[in-house]
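Structural features, examined
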Amino acid sequence: MNIIPLAFESMGVRSMATFVETDQKILIDPGTSIAPKRFGFPPWKDEFEALHKTRARVQEYAAKADLLTISHYHHDHFTPFSLGRYLDSSPRYAEKMYQGKKLFLKHPTSHINKSQQKRARDFLKNLKHLRTSDIHYADGNSFQVGDTLLKFSKAIPHGVEGSRLGFVITTTIEWDKQKLIHASDVQGPLSKVAKKIILNEKPDILILSGPPIYLEGFVLEKKDVEFAQKNLIEICQEIPRVVVDHHLLRDLRCFDFIKKITEESKGEVLVASELLGKEPCLLEARRKEFYF
């Protein structure tokens with residue numbers, strides 16, 4: 001199984017886009033974005049450069065992919081046909097990505113909040129115009145494609161239980177006695193349900209979003225961060241290789257957090273860029289530095 005991170009916070013943007021090659025070519029969560037405001041400042045030029053670079057990389061691998069999966073309808077996890085302020089506004093970008101692909105999508109009306117439901121509705125309408133018919137609602141379902149088994153969790157919280165941000169689904173890929181879980185936006189995990197799903201699957205490698213420690217004192221309490229840390233330590237004790245990235249890396253304290261997880265669990269804990277043999281390149285977390 002060949003696993004290639006395409007865009008993550010450790011690569012300078014908001015994303016968890018990942019390409020996985022088995023006997024199938026699979027693109028997970030084909031979206032990439034940057035925060036319009038952080039520390040009261042708009043994106044720095046380096047962030048725009050990272051956005052354009054990773055967006056081109058996602059497009060390149062989308063052209064190679066047989067299958068695309070979308071865990072939920074936030075713009076850092078899928079590419080809409082009408083793109084945001086800091087993205088190419090041409091719908092042709094999305095058309096090239098999705099046309100002729102087998103799509104496995106978070107259900108557009110079940111366990112979904114209103115904003116994502118609207119995005120999903122608009123997205124499906126545009127897919128219909130492309131005459132894309134090979135669409136599967138993935139929540140809680142499994143699909144055998146060639147020698148590859150794709151398994152999707154039921155809808156689980158986007159972070160804490162009862163989160164207003166809605167729900168996500170995890171993606172499990174099994175092939176040639178290897179197993180990967182890609183767990184977008186479980187944020188730690190911050191829910192017992194997400195932790196249970198991950199541990200029950202017993203993957204060889206896990207890619208997940210760490211807790212958004214940059215929101216501590218605002219959206220999260222200290223006890224939430226401690227709970228996520230406890231869950232992640234337990235996970236890293238059971239799973240041979242854990243890649244933690246995304247929300248966690250929006251704060252420069254992330255490396256202290258990862259160090260503690262590694263020391264407590266004695267496990268192998270990486271950020272996504274390190275899977276490519278590259279040092280992490282945090283940009284959003286450093287945005288304030290660029291202005292002074």
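The preceding data block contains the structure.
Computed from a predicted model, the values in this text were never measured in an experiment. (Residues numbered from 1 in each chain as written. Predicted model: local features only at pLDDT ≥ 70, side-chain atom pairs only at ≥ 80, totals over all residues. Heavy atoms only, no water.)

Below, the discussion takes up the layout of surface pockets. The computed volume of the second largest pocket comes to approximately 280 Å³. Lining the second largest pocket are 16 residues; nearest its centre among them are Met11, Lys53, Thr54, Lys278 and Cys281. A per-element tally of the lining of the second largest pocket places helix α1 (residues 45–64) first, with six residues. In terms of residue class, the lining of the second largest pocket is built from six nonpolar, four polar and six charged. (1 Å grid on protein atoms, 1.4 Å probe; cavity = no way out; pocket = protein on both sides within 12 Å on 5 of 7 lines; lining within 4 Å. Points joined across faces, edges and corners; volume = space filled by probe spheres on them. Helix = DSSP H or I, 4+ residues; strand = E, 2+ residues; numbered from the N terminus. Nonpolar A, V, L, I, M, F, W, Y, C, P; charged D, E, K, R; others polar.)

To continue, consider the packing of aromatic side chains. The tally for this structure, following the rule as stated, stands at 14 aromatic pairs. Aromatic side chains Phe41 and Tyr291 sit 4.5 Å apart centroid to centroid with 15° between the ring planes, which places their arrangement in the stacked category. Residue Phe41 is found in the loop between β3 (25–28) and α1, and its partner Tyr291 is found in the segment after α8 (287–290); the two are separated by 250 residues along the sequence. On the basis of an interplanar angle of 45° and a centroid distance of 5.9 Å, the ring pair of Phe81 and Phe123 is categorised as tilted. With Phe81 in the loop between β4 (67–70) and α2 (92–98) and Phe123 in helix α3 (residues 114–129), the pair connects residues that are 42 residues apart, well separated along the chain. Residue classification places Phe123 among the buried positions, given a relative accessible area of 2%. An aromatic cluster of at least three residues, connected via ring pairs, comprises Phe41, Trp44, Phe290, Tyr291 and Phe292. Between the NZ or CZ atom of Arg38 and the centre of the ring of Phe39, over which it lies, the distance is 4.5 Å. Its end group placed over the ring of Tyr61, Lys64 keeps NZ or CZ at 4.1 Å from the ring centre. (Phe/Tyr/Trp six-rings, centres within 6.5 Å; stacked < 30°, edge-to-face > 60°. Buried < 20%, exposed > 50% of the residue type's maximum accessible area, 1.4 Å probe, protein only. Lys NZ or Arg CZ within 6 Å of the ring centre and 35° of its normal.)

The strand order across the open sheet built from six strands is β1-β2-β3-β4-β5-β6, with neighbouring strands paired in mixed fashion. Whereas interior strands pair on both sides, the edge strands pair on one side only; in this sheet they are β1 (2–8) and β6 (135–137). Averaged over neighbouring strand pairs, the angle between their axes works out to 15° when direction is ignored. Pairing of β1 with strand β2 (residues 16–21), which is carried by six bridges, proceeds in the antiparallel orientation. By the bridge assignment, Ile4 is partnered in β2 with Phe19. (Pairing = 2+ DSSP bridges. Axes fitted to C-alpha atoms, helices over the stretch in contact; angles between N-to-C directions.)

As for its placement among the helices and strands, Leu105 is situated in strand β5 (residues 102–105). On a C-alpha basis, the gap between Leu105 and Glu221 in space is 32 Å, while along the polypeptide they are 116 residues apart. Excluding its chain neighbours within four sequence positions, the residues that come into contact with Leu105 are Ile70, Tyr73, Phe123, Leu124, Leu127, Ile135, His136, Tyr137, Ala138, Asp139 and Ile169. (Contact = heavy atoms within 4.5 Å.)

Right, let's talk about helix α6 (residues 254–265) for a bit. Two residues of an α-helix separated by three or four positions point the same way, owing to the 3.6 residues in each turn. For α6, built from 12 residues, the straight-helix expectation of 16 Å at 1.5 Å per residue is met to within 8% by its first-to-last C-alpha distance of 16 Å. For α6, every residue scored as buried is listed here: Cys254, Phe257, Ile258, Ile261 and Ser265. Angular distribution of buried residues about the axis of α6 spans 95°; they occupy a single face of the element. Opposite the buried face of α6, by more than 90 degrees, sit the exposed residues Asp256 and Lys259. Buried residues along α6 sit in contact with α5 (222–238), β14 (241–245) and β15 (268–270). (Expected span 1.5 Å × (residues − 1). Arc of directions from axis to C-beta.)

On to the environment of Asn2. Tracing the backbone shows Asn2 in strand β1. For Asn2 and Asp139, which are 137 residues apart along the polypeptide, the C-alpha to C-alpha distance reads 25 Å. Those residues in contact with Asn2 that lie beyond four places of it in its chain are Phe19, Val20 and Glu21.

Let us look at the sheet that holds β14. Ordered by their spatial adjacency, seven strands build an open sheet running β7-β8-β11-β12-β13-β14-β15, and the pairing between neighbours is mixed. Strands with a single pairing partner mark the edges of an open sheet, and in this sheet they are β7 (142–145) and β15. Within this sheet the neighbouring strands show an average axis-to-axis angle of 15°, counted without direction. Alignment of β7 against strand β8 (residues 148–152), held across four bridges, turns out to be antiparallel. Residue pairing in the sheet places Gln144 in a bridge with Leu149 of β8.

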